[in-house]
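So you can see what is in the structure, the chains are spelled out below.
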Amino acid sequence: MFIVTAKEMYDIDHCTMEKIGFGKLLMENAGRAVAEKVRQKVNAADKILIVVGPGNNGGDGYVIARTLQNEQYRVSVLQVVPDQKLSEQVQFFKQLYLACNGTCLLLDDSAEWKQVISEADVVIDSLLGIGVDGLVREPLASVIAFINEKGGKIVSVDIPSGLPADEGAEAFTSIQADETIVIAAPKTSVFLPHTANYYGNWEVVSIGHPQTLISENAACFVADDVFFRTTMPKRDVNSHKGDHGKGLVIGGCDNMPGSFAMTVRAALRTGAGLMTAVSTEKVIDRIACLSPEAMYQIGASEKGHLIADDLPLDDKDGVAFGIGVGRETKTAALLESVLQETTCPLIIDGDGLYLLQNQLARLKQRNEPTILTPHMGEMARLLEMDISDLTRSPFRYAREFAEEHHVYVVLKGKYTIITSPDGNQAVSTTGNPGLAKGGSGDVLTGIILAMMMQSQSIFQSLCNACFVHGMSADLQVQSGHSYHDLLATDVIEGIASVYRTFS
Ligand SMILES: NC(=O)C1=CN([C@@H]2O[C@H](COP(=O)(O)OP(=O)(O)OC[C@H]3O[C@@H](n4cnc5c(N)ncnc54)[C@H](O)[C@@H]3O)[C@@H](O)[C@H]2O)[C@H](O)CC1
Ligand SMILES: [K+]
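Computed from a predicted structure; not experimentally measured.

Procedures and definitions
- Residues numbered from 1 in each chain as written.
- Chains lettered and ligands numbered in written order.
- Predicted model: local features only at pLDDT ≥ 70, side-chain atom pairs only at ≥ 80, totals over all residues.
- Heavy atoms only, no water.
- Helix = DSSP H or I, 4+ residues; strand = E, 2+ residues; numbered from the N terminus.
- Buried < 20%, exposed > 50% of the residue type's maximum accessible area, 1.4 Å probe, protein only.
- Contact = heavy atoms within 4.5 Å.
- Axes fitted to C-alpha atoms, helices over the stretch in contact; angles between N-to-C directions.
- Parallel < 35°, antiparallel > 145°, perpendicular 65-115°, else oblique.
- Left-handed = near helix turned anticlockwise from the far one by under 90°.
- Donors = N, O, S within 2.8 Å, 3.2 Å for Na, K, Ca; no water.
- Tetrahedral: all angles 85-135°; square planar, octahedral: opposite > 155°, others 65-115°.
- Phe/Tyr/Trp six-rings, centres within 6.5 Å; stacked < 30°, edge-to-face > 60°.
- pLDDT = per-residue confidence, 0-100.
- Near = heavy atom within 4 Å.
- Polar contact = N/O pair within 3.5 Å; in protein donor to acceptor, adjacent residues only side chain to side chain.
- Areas by Shrake-Rupley, 256 points an atom, 1.4 Å probe, with all protein chains shown as cover.
- Nonpolar A, V, L, I, M, F, W, Y, C, P; charged D, E, K, R; others polar.

Here we look at the environment of Leu140
- The topology assignment puts Leu140 in helix 6 (residues 140–150).
- Overall, Leu140 belongs to the buried group, its relative accessible area being 8%.
- As for Leu140 and Pro54, which are separated by 86 residues in sequence, their C-alpha atoms are 9.7 Å apart.

Next up, the structure:
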């Protein structure tokens, strides 16, 4: 599935209509595809009100109205702007609807518009689509407010009216949809923390755009099960442990042994060939028994925290630094040497990102891939910006940071955004609120470490690691756990189910 900005969608629409020649057929296809989904969500006796706005989203609404009316549903239309504001294409579909004995109430004709909204069992929101610019103006703003307050079940067409399609908007007035039928491809705002919820349950309908046109124009995609199935690591029956990577995890400190242990175990469960773990003597004494399959090495330490040391870095296929490592200045010196001496892909996570703050310039000096795995708070700190600004435009800031520092960024959240140094982006949508707990990130780092050592491109391995991490949590919740009780260690044990499901 591809993710588009408004501009990308317009380019795809325009090319499909003009160059390929769909013309008005595209809107007919859109309306009929949405009507098909609406049919599955309403009862035969429901009073269905289609609220039509000034643009092509409204045009979709007239096609939906005509389609449902032709199938004997109880349909009426509320048009919120005068006819002269409708485009020629929308006028065409309005005339088709009226010619099929459709009824239409104009907003400025009567004060009964509030009554028709109040009486509707279902409101089909065709007020505004991806063409909204800025805050919604009157009279649409009042209509949106009233629908939110009084409308029955609200089904939005393409996008909840008033919601921006793209990232970056500070303020907006939007329909709060129960369902959204997204046309052709989800827009960026489906995946933003402050706009996602306005969509309610969302699903995508195809309306005839050539898939190649969408893939050529969309800058981002969802790393879903289809992607995982085609790119997941394979196991050669004649392989041996050396074929699946020699990994090294450097982390932990005397008062934080657990996160480090989970990273090690997650990497083993994900298929790492050989794992070595470096931490303080106390940490290793306490956690070595949890993953006897790994090898352990005591690192130089002071007051329970790792310090600069000569570590076995040069023969590894992947290194993860920072999990539970603490924020001591002397540990920053260890990070400095790891950045300089590691000759394989390096993941920096957790406290390692805190220690990286004053060493960002070293990132570009590395010749091997560097992967950062911040959550929004850690990313905001790295960018030295307010987290609310970051969450409004996470795709942009992740891409700018990745390109500037030539790193991969896994920006963790409900929807995790994966960015490559050249600006390629993907979103992982698996996972559930059960992951919103300590340790989830440590497990993800272990999964990433193992994935990236198993013969894939780094970008693919990051997409697949996020997929496995979230899918494990989803399968665990489906098979008996709940959002409340799910632990990070359960996610580690659930990795087996993901591999079995897709192998
Ligand atoms: N291009 C096609 O043929 C297809 C498009 N699809 C649907 O059309 C919309 C996009 O249509 P567009 O006309 O560009 O935008 P809108 O429907 O959102 O209407 C824009 C229209 O609304 C007014 N407006 C804009 N901003 C505001 C505001 N802040 N307050 C009040 N009014 C505002 C202004 O008049 C604009 O011109 C897309 O989402 C699809 O639903 C079909 O699905 C496929 C074919
Ligand atoms: K809409």
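Some details on the side chain of Thr188
- Along the chain, the position of Thr188 falls in the loop between strand 7 (179–183) and strand 8 (201–205).
- Judged by relative accessible area, which is 7%, Thr188 ranks as buried.
- Look past the residues within four positions of Thr188 in its chain and what remains in contact with it is Ile3, Val4, Thr5, Ala165, Asp166, Glu167 and Phe395.

Things to note about the packing of helix 16 (residues 440–452) against helix 17 (residues 458–478)
- Contact geometry of helix 16 with helix 17 gives a least axis separation of 8 Å together with a crossing angle of 140°. Looking at the two axes, helix 16 sits oblique to helix 17. Both helix 16 and helix 17 take part in a crossing whose hand is right-handed. Between helix 16 and helix 17, the residues in contact are Ser440, Val443, Leu444, Ile447, Ile448, Met451 and Met452 and Ile458, Ser461, Leu462, Asn464, Ala465, Cys466, Val468 and His469, respectively.

Quick word on the coordination of the potassium ion (ligand 2)
- Here the potassium ion (ligand 2) is held by the protein donor atoms Asn57 (OD1), Asp125 (O), Leu128 (O), Val157 (O), Ile159 (O) and Ser161 (OG), which lie 2.6 to 3.0 Å from it.
- For the potassium ion (ligand 2), the six donor atoms are set out with angles of 67 to 178° between them, so the coordination reads as irregular.
- Within one chain, the residues donating to the potassium ion (ligand 2) are spaced in sequence as N-x67-D-x2-L-x28-V-x1-I-x1-S. Of the two residues, Asp125 is situated in strand 5 (residues 122–126) and Ser161 in the loop between strand 6 (153–157) and strand 7; the sequence distance between them amounts to 36 residues.
- On the basis of relative accessible area, Asp125 is assigned to the buried category, the value being 0%.
- Looking at Ser161, the relative accessible area reads 0%, which means it is buried.

Comments concerning the packing of aromatic side chains
- Within the structure shown, the criterion is met by 11 aromatic pairs.
- Between Phe191 and Trp202 the ring centres are 5.9 Å apart and the planes differ by 85°, which places this aromatic pair in the edge-to-face class. In this pair, Phe191 is assigned in the loop between strand 7 and strand 8 and Trp202 in strand 8, connecting sequence segments 11 residues apart.
- According to the relative accessible area criterion, Phe191 is buried, its value standing at 2%.
- On the numbers, 5.4 Å between centres and 80° between planes, the contact of Phe467 with Phe502 is edge-to-face.

Notes on the confidence of the model for the protein
- Residue-level pLDDT values for the protein average 94, and 98% of them are 70 or greater.
- Reported confidences for the modelled complex are a pTM of 0.94 and an ipTM of 0.96.

A word on the site of ligand 1
- Around ligand 1 sit 24 residues in total, of which Tyr10, Asn57, Gly129, Asp133 and Asp158 are the nearest.
- The contact in question runs from an oxygen atom of ligand 1 to an N or O atom on the backbone of Ile130, over 3.0 Å.
- Coverage of ligand 1 by the protein amounts to 85% of the 870 Å² it exposes when considered alone.
- Looking at the shell around ligand 1, the elements with two or more residues in it are helix 1 (6–19), helix 2 (25–39) and helix 3 (56–70).
- Taken together, the residues of the shell around ligand 1 break down into 12 nonpolar, seven polar and five charged.

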